[in-house]
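Each chain is listed here by its residues.
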Amino acid sequence: MFKAENNTIKQIVNKNWQQIDNEVQSEQAVKMLGAEAIIKSLLAEEVDIMFGYPGGAIMPTYDIIHQQQENIKHVLVRHEQGAVLAAQGYARASGKVGVCIATSGPGATNLITGIADAQIDSTPLVCITGQVHRDLLGTDAFQETDIIDISMPITKWNYKVTEAAEIPKVIARAFYIAKSGRPGPVLIDITKNAQMDYLNFSYKKCQHFNSYLPEPTPSLFSIKEAASLINNAQRPLVVFGQGVILGNAESEFKNFLDKSGVPAAATIMGISAIDNSHENHVGVLGMHGNYAPNLLTNECDVLIAIGMRFDDRVTGTLDTYAKQAKIIHLEIDQSEIDKNVTTDVAVVGNVKYTLPQITQRIVSSDYSSWYQRFKELDKQEFDAVIKEDLRPTKKEMTMPEVVELVNELTQQQAIVVTDVGQHQMAACRYSKFKNSRSMITSGGLGTMGFCVPAAMGAKLAKPDAIVVGIVGDGGVQMNIQELGTIMQSEIDVKIIILNNQFLGMVRQWQELYFDKRYASTEITSPDYQKLSEAYGIASVKVCRREDLKKAMQTMFNHNGAYVLEVMVGQENNVFPMISPGCSVSDMRLK
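Residues numbered from 1 in each chain as written. Predicted model: local features only at pLDDT ≥ 70, side-chain atom pairs only at ≥ 80, totals over all residues. Heavy atoms only, no water.

Draft legend 1. Main features of the sheet that holds strand E17 (residues 467-472). Strand order in this open sheet of 6 strands is E16-E15-E17-E18-E20-E19, and the pairing throughout is parallel. Across the chains shown, the open sheet's two edge strands, defined by having one partner strand only, are strand E16 (439-440) and strand E19 (538-542). Looking at chain direction, strand E15 (residues 415-418) and E17 are connected through 4 bridges and run parallel. Among the inter-strand pairings, Thr418 is bridged to a residue of E17, identified as Ile470. (Pairing = 2+ DSSP bridges. Helix = DSSP H or I, 4+ residues; strand = E, 2+ residues; numbered from the N terminus.)

In structure tokens:
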């Protein structure tokens, strides 16, 4: 993803620092240690919280964190992966840059999965790692690892600091790169000598630098062409992704929908970009999305892709994807244009600015007969899938009915953070949201273990919001040690474990495509109530449907963290489903 852009950024930023030093110099300089300059730089970027774990190569900086604890909060996680995933949850909920910090060697490498996750899902992060003394580089010193080369393919930019004087300008540039244009993770590796040496510190936020254009200038010709295609469409369909949210373009998007009348379907990363009750909203796309928008992708005459990247889970096989339609692609990252799906009109730029220009040029139209097709297919999905999901006739509880109860008891105001698996698809299909930045999930990488730390970060970003982590019995055990972080930092997050005693999504595939050979997918869980009690966290286990609502009400009324374990059907499946290698037109209902 956007590798061409990354390589260009790295070449530009690493080229000739002296020519652009004036961008980060202010009138007065103060002599201080490099470690203090790190924290002063973060404070200048208005960082109020960071997630991390100390160690030898980053210890000088932790000494300053201790001295500055009234100004910047440090959350001690139990594993560095927890730090980077919590920083993601913070960034996704707040819209700010998430910050995490770790030591060298294993501390740095433990960040890698979370950095890769942030890269694919365009989450702005600044990751700071300690490194061995400059004189020891390349000697295989204790806990030395070349984190720059390791992280290069999965960062928007990375840089090794070996001199204290570099710290302010590198951090300024890191924040600018992380949050500008298409956001992404940046890693700064800082040697121990750079932290312990003195520099004359001054700081100025980076606003630009030569040859880096994070938001391309849109083409007026393309905007007019897009508007013309929309005005002449009989069966248009909008597919919208997280680009609407990342561009802070929710109101501009709503204005477009209100005026155009075009039906709109979300990718899982774009789910909360508009109120789910908006009359144009026709559901969720993807392998386990809604039946109508998936099938009708191959019946629309104009497909308007807004802030999404045509991921394979959305398109199915590319050979048959929307071949009948004219494709309009609104996207900030030029490298995504024509990467998977060939476009007829590409509008490159931030949708916050390009979409209103299209809205000005379109006319309102009546698509009532087109909406009727959605209603017909919606009824088929309801009769075949949704009715049993939400009002099951079986004794076993279902994941969707738990999600629906969350909607009801939170009045669709919760921030929902998911892990990866069947429960994730149930949450994406059935959660309802009124506010943007309310669905936080691992989209592109599909990182199990994401939920618990990301939910911590989301709650710390939005302390007044109800934050609900929905996780399976497989994913929760991958970062369950972060219950210790929740305990120590007193994070009021509600965690719902949907326990089907399987690695559910893998088991579903084994049932459908491997003749029910459940190879290594049955999983045994600890006693979550005893475990939660050991961490000082309230917990209840629900095995009967008649006890579910009361237990969930108790959880939401509880002041503090809570773990609610719900036993759901062992072999329940998530449908509809697009089978691997199939077209969106071949979506199966059972």
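Draft legend 2. Structural view of the packing of aromatic side chains. Enumeration over the complete set of coordinates arrives at 12 aromatic pairs. Here Phe209 and Tyr212 contribute two aromatic rings whose centre-to-centre distance is 5.0 Å and whose plane-to-plane angle is 20°, an arrangement assigned as stacked. In this structure, Phe209 and Tyr212 share a single accessibility class: buried. Geometrically, the ring pair formed by Tyr371 and Phe374 is tilted, given 6.3 Å between the ring centres and 45° between the ring planes. Of the two residues, Tyr371 and Phe374 both sit in helix H16 (residues 368-390), 3 residues apart, roughly one turn of that helix. For Tyr371, a relative accessible area of 16% corresponds to the buried category. For Phe374, a relative accessible area of 1% gives the class buried. (Phe/Tyr/Trp six-rings, centres within 6.5 Å; stacked < 30°, edge-to-face > 60°. Buried < 20%, exposed > 50% of the residue type's maximum accessible area, 1.4 Å probe, protein only.)

Draft legend 3. Quick peek at the pattern of salt bridges. Counting across every chain of the model gives 24 salt bridges. In this structure, Arg309 engages Asp311 in a salt bridge whose closest nitrogen and oxygen atoms are separated by 3.6 Å. A residue is classified by how much of its surface remains accessible, and Arg309, at 21% relative accessible area, is partly exposed. Where Lys379 meets Asp383, a salt bridge forms, and the shortest distance between an N and an O atom there is 2.8 Å. Linking Lys379 with Asp383, this pair stays in helix H16, spanning 4 residues, or about one helical turn. Relative accessible area serves as the criterion here: at 52%, Lys379 is assigned to the exposed category. Residues participating in the shared-partner salt-bridge network are Arg182, Asp333, Glu336 and Lys339. (Salt bridge = Lys/Arg side-chain N within 4 Å of Asp/Glu carboxyl O.)

Purely geometric numbers; function is a separate question.
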